[in-house]
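# An overview of the molecular structure
So you can see what is in the structure, the chains are spelled out below.
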Amino acid sequence: MTWADTLLLLPELIAATGASILLIVPVLGGRARGHMAKWAMLALMAVTALAVIGSTYAVAGVQQTPTFRAMFAVDAFSVFFKLLFVVVIALVTLLSEDFLSEERYSTWEYYSLLAFALCGMMFMASGVSLITIYIGLELLALSSYILAGYYKNHEESTEAAMKYFILGTVSSAILLYGISLIYGVCGSMRLSTIAAALSTMLSNDALMFGIMLLAAGLCFKIAAVPFHVWTPDVYVGAPTPISAFLSTGSKAAAFAVFARVFYVAFPAFHLDWSNVLAAIAALSMIVGNLAAITQTNVKRMLAYSSISHAGYSLLGIIAMNEMGLRGILIYTMVYVFANLGIWATILMLRRHAYAGESVEDFRGLHKRAPFAAFSMVVFLLSLGGIPPTAGFIGKYFLFAAAVQAGFGWLAIVAVVMSAVSMFYYLRLVVAMYLEEGSGAETIYSPSLRFVTALSLTVTLVVGFIPELPIRQVIESSSHLVGRVVQR
Amino acid sequence: MTGLLTVVLFLPIAGAILLVFLPKDIPGPIKGGGLLVSLLTFLASLAIVGRFHDGIGGFQLVESHAWIPQWGINYTVGVYGISLWLVLLTTLLTPVVILASWNSIHKHPKEYVISMLVMESAMIGAFLAMDLVLFYVFFELMLLPMYLIIGVWGGKNRIYAAIKFFLFTIAGSLLMLLGIIYLGFQQVHLTAGGVPTFEITQLYGLSLPPHIQTILFFAFALAFAIKVPLFPLHTWLPDAHVEAPTGGSIILAGVMLKMGTYGFLRFVLPFFPDASIHYAPLLICLSVIGIIYGALVAWVQPDMKKLVAYSSVSHLGFCVMGIFAINQASIEGSILQMVNHGLSTGALFLLVGVVYERRHTRMLADYGGIARTMPVYTVFFVIAMLSSVGLPGLNGFVGEFLILAGSFQTHPGYATVAAIGVILAAIYLLWLIQAVFFGPITKDENRSIPDIAWNEIAAVVPLIIMIVWIGIHPNTFLRRMEPSVQQLLATVRGEQPEKVMTASLAAAATRSPVAQTLLSVRSGARMRGRQGLSVGVQGPKGAQTEVSVLRVTR
């Protein structure tokens, strides 16, 4: 380990240091200046983003730079996700502004927890050893448990935090058990060493059990059926900006891990695990979309929709081909921005906790806030995968990957369920444009406006000129795909 | 001028974007602007006809730019005999619709005009796209404006109708998307770097194994059958039409339904020729059921608009029957009938809208004898009705005659039954005329209805001119589609690529039983791709003989 190695860790170090500073500011007398916290947090995000970009120059020309005994690596894949995470956290910061000032909760600790979560997510993206990944995941999870319960005067929020905590801990334990079994069989935590060991090995029960437990743990994080039950309650109970974070950043991080672990470590047993994951994906799409139809609470509907989107994304892992991996990257990005935009609109309608949650609150929105209503339509279409929005590009790659890999039936389930999903996405469009009447009042702060505008820009740009993002995604994932082909 | 097609395609959307910046409260300039843009588009589309070469069957005025090069998706547009007149129908109907809605749309006129223009671009794009993914994008882009047109400006039950329309269509088209992806990846291994191709001219040469063809055939056919709509997938149509505003109905019946029939011609037949021939009787049967069923249901409708809507089911049935009869006359008739139906049904919806504006009812029982109060209106209505019935000298006759004559060659039984549909059409439409226009005036409100207004006349006259033109001189239109139809038929029958092979084999067949066997598996042999094919044949003495034939590419 040299200084250069430490430099590769710079973004994580900055995030962790920044988080610690944010935590002690109120102790040093900053409590009174709560409004400063947002700017401090945004500055921290800017510096972190610069460090992430800087770290790419440090490894220019090299596919992957493993360091710390090959437990941590900087590569284009991790940089892609880290930048996405930084942007998500920055946008969640903007989303949180009104909530925090309205509810008079302490701001510094809140942002500190978000920064810690970011640190964990970045470790997840860069982890090339199961133990690094696990620690990153725990850091993210612990921060999320607290954030979910941040609405501490509300029963629902506390309940959500407890549910999330208990189920999350159990899933972590399952994940850890899976890791230990895999370690037992392969004798290593490193993904590349595991892959090498597996390539000469016949299928055995302990290994399969380990992989399945690992997959189950990760499926909990991405909220795939049957590990999804926590999602609706937590999304509804948690403070809305945190629901936004859980459904975007936290899921994106879990997908980064899912993709890396399965593409790097387990291609050798693809045949064995792909059918199990295919069943999980199909169930997620079916249960998520069907359950979403009956919801009248928008947050709950989004929770079920996010379950179904976990199912779509899983197609990319099941397919195990170039297209699939790229599909996961691009779909994650597309999904994150569309979702953040929707959460921004919900926040706009919220007043003291409960408005903005029922479909009726959206009634006649296009008269009161035409821009918000229009963007909302674009986001909903993007989630539904209708061209020319970004969601179409994302779904296109995932479906194509599944068709290419011979999972035609899964692709059919996916498209049928996409059609079903339009039903409940359209309900919001109907409420906003076609139904008369007054819904909730709107408070459209500049921060929310910014989040909406940025998400809208990304959603439309990726939809209309997908060439650029696709090139980026190819660059970010080609070295992982290489490994699959080598096999 | 290069880029003519791109101009026609994007002019309406460009106009729509400009309109966004106009203030809401000046409906006059907004409608005027929309009309101007759509008229300019129409003029530009006339230039397409001017530059179109009659004798060529392939695509013309082709433009191609990379769009998503990594995945072989291009912006490629081109026009050929089959799409030419449909593009013109679209550009003609849009100004007609804007004119017709001049005084009837009071709520959000700006958004209405913008939706119409976006719709126009999407429809033109779907007709022109030569790349499957591009086609799909335009195909889906049509949904949202139409959904809004029905949902915002529609009648009482509009939300239900809008959602039903949207879900029906999207369910079919998403399955088609899978088919598109699958097709695109068929030739991946043939190109450098494993890039798929969605260029339809390249996919036309592709010959797929029969079972794959069957699956893909149904994936595509379902999407288009919903759009047509073919019996029994038609249930969304009456709802959508009844609830849609007049302009929406005209566009829906006039152009959008043609996406389905056009899709059959452009994609289903040439991509999956074996499956199309094999399942043609099924589709013909469904369309004949649609013809009779649509006509019978139209007969008993008390609501004028519903009557016209069900007559669409019946008329579009003729189009699909013509397509799947797979011969020159029937397909040409079918294409012409698509245009005819756009004109005559467009005119009928427009005219129904005219009286609805004045009386706010569409029930037949509420009218009677209005020929006396609205003489000019009556003339237009009767012409449009006669065109729909298929009176010789007007356009409907030419189309239906060609379809029936062509179908009679291949499927005489079905053609005979379908001919009954023509008689039924005469019955229900004459019944409509009788009930609305003639007889004594029973309702006092009908004594003082103002006759058709200037903007409505301006909207309907172009349609009447076209109705008469096609009826008297159909060759203007048929001449330009003929080469493309011939080429389509050649592709479906697999003649061109295999002509040489078949001939040489036929010569050899007299000598060798192996060649005889090969000749008989000709259709099966199509499946193997372009460079060559090898077929294992059991020789006469039980020995496995490998025969390789180099396939002649076009």
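Residues numbered from 1 in each chain as written. Chains lettered and ligands numbered in written order. Predicted model: local features only at pLDDT ≥ 70, side-chain atom pairs only at ≥ 80, totals over all residues. Heavy atoms only, no water.

## A look at the overall build of chain A
Looking only at helices and strands, one finds 21 helices and two strands in chain A. The dimensions of chain A, computed from C-alpha atoms along their principal axes, are 65 × 55 × 40 Å. Within the span of chain A, comprising 487 residues, buried residues form 65% of the whole. Residue pairs in contact within chain A that sit at least 24 positions apart in sequence constitute 82% of those at least 6 positions apart. With the model as given, the accessible surface of chain A reaches about 16100 Å², and the carbon-plus-sulfur share is 68%. Of the charged side chains in chain A, 26 are positive and 24 negative; the average position of the first set lies 3 Å away from that of the second. (Helix = DSSP H or I, 4+ residues; strand = E, 2+ residues; numbered from the N terminus. Buried < 20%, exposed > 50% of the residue type's maximum accessible area, 1.4 Å probe, protein only. Contact = heavy atoms within 4.5 Å. Areas by Shrake-Rupley, 256 points an atom, 1.4 Å probe, with all protein chains shown as cover. Lys, Arg positive; Asp, Glu negative; His and termini not counted. Charge placed at Lys NZ, Arg CZ, Asp CG, Glu CD.)

## Observations concerning the pattern of salt bridges
Inspection of every chain in the model, using the stated rule, returns 13 salt bridges over all chains. A salt bridge links Asp233(A) to Lys163(A); the nearest nitrogen and oxygen atoms lie 2.6 Å apart. Taken together, the residues Asp233(A) in helix H11 (residues 230-237) and Lys163(A) in helix H8 (residues 155-186) connect sequence positions 70 residues apart. Among the residues examined, Lys163(A) registers a relative accessible area of 29% and is labelled partly exposed. Salt-bridge contacts for Arg479(B) lead to Asp54(B); the nearest nitrogen and oxygen are separated by 3.6 Å. One end of the pair, Arg479(B), is in helix H19 (residues 475-493); the other, Asp54(B), is in the loop between helix H2 (27-51) and strand S1 (60-68), with 425 residues separating them in the sequence. Given the relative accessible area of 24%, Asp54(B) is considered partly exposed. Here the salt bridges do not stand alone but share partners, grouping Glu159(A), Lys163(A), Asp233(A) and Arg300(A) into one network. (Salt bridge = Lys/Arg side-chain N within 4 Å of Asp/Glu carboxyl O.)

## Section: the side chain of Thr91(B)
All names here are of chain B. Its location among the elements puts Thr 91 in helix H3 (residues 81-100). For Thr 91, the side chain forms a polar contact with the main-chain oxygen of Leu 88, separated by 3.0 Å. Among residues more than four places away in sequence, those in contact with Thr 91 are Val 8, Ser 38, Thr 41, Phe 42, Ser 45, Glu 120 and Ile 124. (Polar contact = N/O pair within 3.5 Å; in protein donor to acceptor, adjacent residues only side chain to side chain.)

## Quick notes on the nonpolar core
With 403 residues, the main nonpolar core has Phe262(A), Phe266(A), Tyr396(A), Phe324(B) and Phe381(B) as its most contacted residues. For this core, the element with the most residues is helix H15 (residues 322-349) of chain A, which contributes 20 residues. Looking at which domains feed residues into this core, each of domain 1 (1-141) and domain 2 (271-553) of chain B supplies at least three. Residues within four places of Phe324(B) in sequence aside, it is in contact with Phe217(B), Phe264(B), Val268(B), Leu269(B), Ser276(B), Ala280(B), Leu283(B), Ile284(B) and His411(B). (Core = buried A, V, L, I, M, F, W, Y, C linked by side-chain atoms within 4.5 Å. Domains from an automatic or database assignment.)

## Regarding the packing of aromatic side chains
Evaluation of the coordinates by the stated rule reveals 52 aromatic pairs over all chains. Between Phe255(A) and Phe258(A) the ring centres are 6.3 Å apart and the planes differ by 25 degrees, which places this aromatic pair in the stacked class. In this pair, Phe255(A) and Phe258(A) both sit in helix H12 (residues 240-265), three residues apart, roughly one turn of the helix. For the residue pair Phe255(A) and Phe258(A), the accessibility class agrees, reading buried in each case. Ring geometry for Phe217(B) versus Tyr279(B): centroids 5.7 Å apart, planes at 20 degrees, classification stacked. Of this pair, Phe217(B) sits in helix H9 (residues 210-227) while Tyr279(B) sits in helix H12 (residues 273-299), and the two are 62 residues apart along the sequence. For Phe217(B), a relative accessible area of 1% puts it in the buried group. What makes Tyr279(B) partly exposed here is its relative accessible area of 21%. Put simply, the rings of Phe135(B), Phe139(B), Phe217(B), Phe218(B), Phe220(B), Phe224(B), Phe264(B), Phe267(B), Phe271(B), Phe272(B), Tyr279(B) and Phe324(B) pair up and form one aromatic cluster. In this arrangement the basic side chain of Lys395(A) is found over the ring face of Tyr312(A), its NZ or CZ atom lying 4.3 Å from the centre. (Phe/Tyr/Trp six-rings, centres within 6.5 Å; stacked < 30°, edge-to-face > 60°. Lys NZ or Arg CZ within 6 Å of the ring centre and 35° of its normal.)

## Details of the domain arrangement of chain B
All names here are of chain B. Taken domain by domain, chain B comprises domain 1 (1-141) and domain 2 (271-553). Of the roughly 2000 Å² buried where domain 1 meets domain 2, counting both sides, 73% is carbon and sulfur surface. Of all residues in domain 1, the largest losses of buried area upon contact with domain 2 belong to Asp 54, Ile 82 and Trp 85, amounting jointly to 30% of the total for that side. Linking domain 1 with domain 2 are five residue pairs in polar contact (both at pLDDT 80 or more), by the criterion used here. The greatest single-element share of the side of domain 1 that touches domain 2, amounting to eleven residues, is contributed by H3. Looking at the side of domain 1 that touches domain 2 residue by residue, the classes come out as 16 nonpolar, six polar and one charged. (Buried area = accessible area lost by both parts, 1.4 Å probe. Nonpolar A, V, L, I, M, F, W, Y, C, P; charged D, E, K, R; others polar.)

## Re the pairing of S1(B)
Residue and element names in this part refer to chain B. Where S1 and strand S2 (residues 73-79) come together, six bridges link them in antiparallel fashion. Across the sheet, Ala 66 pairs through a bridge with Asn 74, a residue of S2. From the end of S1 to the start of S2, which pair antiparallel, there are four residues, and Gly 72 there has a positive phi angle of about 65 degrees. (Pairing = 2+ DSSP bridges.)

## Some words on helix H4 (residues 109-128) of chain B
Counted at 1.5 Å a residue, the expected span for H4(B) with its 20 residues is 28 Å, and the 29 Å between its end C-alpha atoms agrees. Within H4(B), 19 of the 20 residues are buried, which leaves the element mostly enclosed by the surrounding structure. (Expected span 1.5 Å × (residues − 1).)

## Details of helix H17 (residues 412-437) of chain B
Its 26 residues give H17(B) an end-to-end C-alpha distance of 38 Å, which sits within 8% of 38 Å, the value for a rise of 1.5 Å per residue. In the stretch just after H17(B), Gly439(B) is the one whose phi turns positive, near 85 degrees.

## Observations regarding the interface of chain B and chain A
The interface of chain B with chain A comprises 32 residues on the first partner and 38 residues on the second. Carbon and sulfur atoms make up 82% of the area that chain B and chain A hide from each other, which totals about 3100 Å². Our count for the contact surface shared by chain B and chain A stands at one residue pair in polar contact (both at pLDDT 80 or more). Listed by contribution, the elements that provide at least two residues to the side of chain B that touches chain A are S1, helix H5 (132-141), helix H6 (143-153) and helix H7 (158-184) of chain B. With 13 residues, H7(B) is the largest single contributor of residues to the side of chain B that touches chain A. Looking at the side of chain B that touches chain A residue by residue, the class counts come to 26 nonpolar, three polar and three charged.

## Details of the side chain of Arg480(B)
Residue and element names in this part refer to chain B. Relative to the helices and strands, Arg 480 is located in helix H19. There is a polar contact of 3.4 Å between the side chain of Arg 480 and the side chain of Asp 54. Those residues in contact with Arg 480, other than ones at most four positions away along the chain, are Val 49, Phe 52, Asp 54, Gly 81, Leu 84 and Trp 85.

## Notes on the state of the cysteines
Residues and elements named next belong to chain B. Summed over the entire model, instances satisfying the criterion amount to zero disulfides over all chains. Of the cysteine sulfurs around Cys 285, a residue in no disulfide, the closest is that of Cys 319, at 18 Å. We classify Cys 285 as partly exposed; its relative accessible area is 27%. (Disulfide = S-S within 2.5 Å.)

## Some details on the pairing of strand S2 (residues 72-75) of chain A
All names here are of chain A. Burial of the side chains of S2 extends over both faces: Phe 72 and Val 74 are buried on one face and Ala 73 and Asp 75 on the other. As paired strands, strand S1 (residues 64-67) and S2 are joined by four bridges and run antiparallel to one another. Pairing of Gln 64 across the sheet is with Asp 75, part of S2. Once S1 ends, the chain turns through four residues before running back antiparallel as S2, passing Phe 68 with a positive phi of about 50 degrees.

## A few points about unusual backbone geometry
Pro388(A) follows Pro387(A) through a cis peptide bond whose omega is 0 degrees. Take Pro388(A): it is sitting in the loop between helix H17 (370-384) and helix H18 (390-404). Residue Phe231(B) is joined to Pro232(B) through a cis peptide bond whose omega torsion reads 0 degrees. Along the chain, Pro232(B) turns up in the loop between H9 and helix H10 (236-243). You will see that Met320(A), though not glycine, has its phi angle at about 55 degrees, which is positive. With respect to the helices and strands, Met320(A) occurs in the loop between helix H14 (298-319) and H15. A relative accessible area of 7% places Met320(A) in the buried class.

## Quick look at the packing of helix H16 (residues 395-410) of chain B against H17(B)
Residue and element names in this part refer to chain B. In contact at an axis separation of 7 Å, H16 and H17 are set at 155 degrees when each is read in the N-to-C sense. Here H17 runs roughly antiparallel to H16, going by the angle between their axes. Only Pro 412, Ala 415, Thr 416, Ala 418, Ala 419 and Val 422 of H17 make contact with H16, whose side of the interface consists of Glu 400, Leu 404, Ser 407, Phe 408 and Thr 410. Residues belonging to the contact of H16 with H17 are distributed by class as follows: seven nonpolar, three polar and one charged. (Axes fitted to C-alpha atoms, helices over the stretch in contact; angles between N-to-C directions. Parallel < 35°, antiparallel > 145°, perpendicular 65-115°, else oblique.)

## Describing the environment of Gln472(A)
Here Gln472(A) lies in helix H21 (residues 467-486). Gln472(A) sits 143 residues away from Leu329(A) along the chain, and the two C-alpha atoms are 9.8 Å apart.

## Quick notes on the packing of H7(B) against H10(B)
Residues and elements named next belong to chain B. Closest axis-to-axis distance for the H7/H10 pair is 9 Å, and the angle between their directions is 140 degrees. On the basis of their axis angle, the class for H7 and H10 is oblique. Here H7 runs over H10; the crossing is left-handed. Taking contact as the criterion, the partners of Arg 158, Tyr 160, Ala 161, Lys 164, Phe 165 and Phe 168 in H7 are, on H10, Trp 236, Asp 239, Ala 240 and Glu 243. Looking at the contact of H7 with H10, its residues break down into six nonpolar, no polar and four charged. (Left-handed = near helix turned anticlockwise from the far one by under 90°.)

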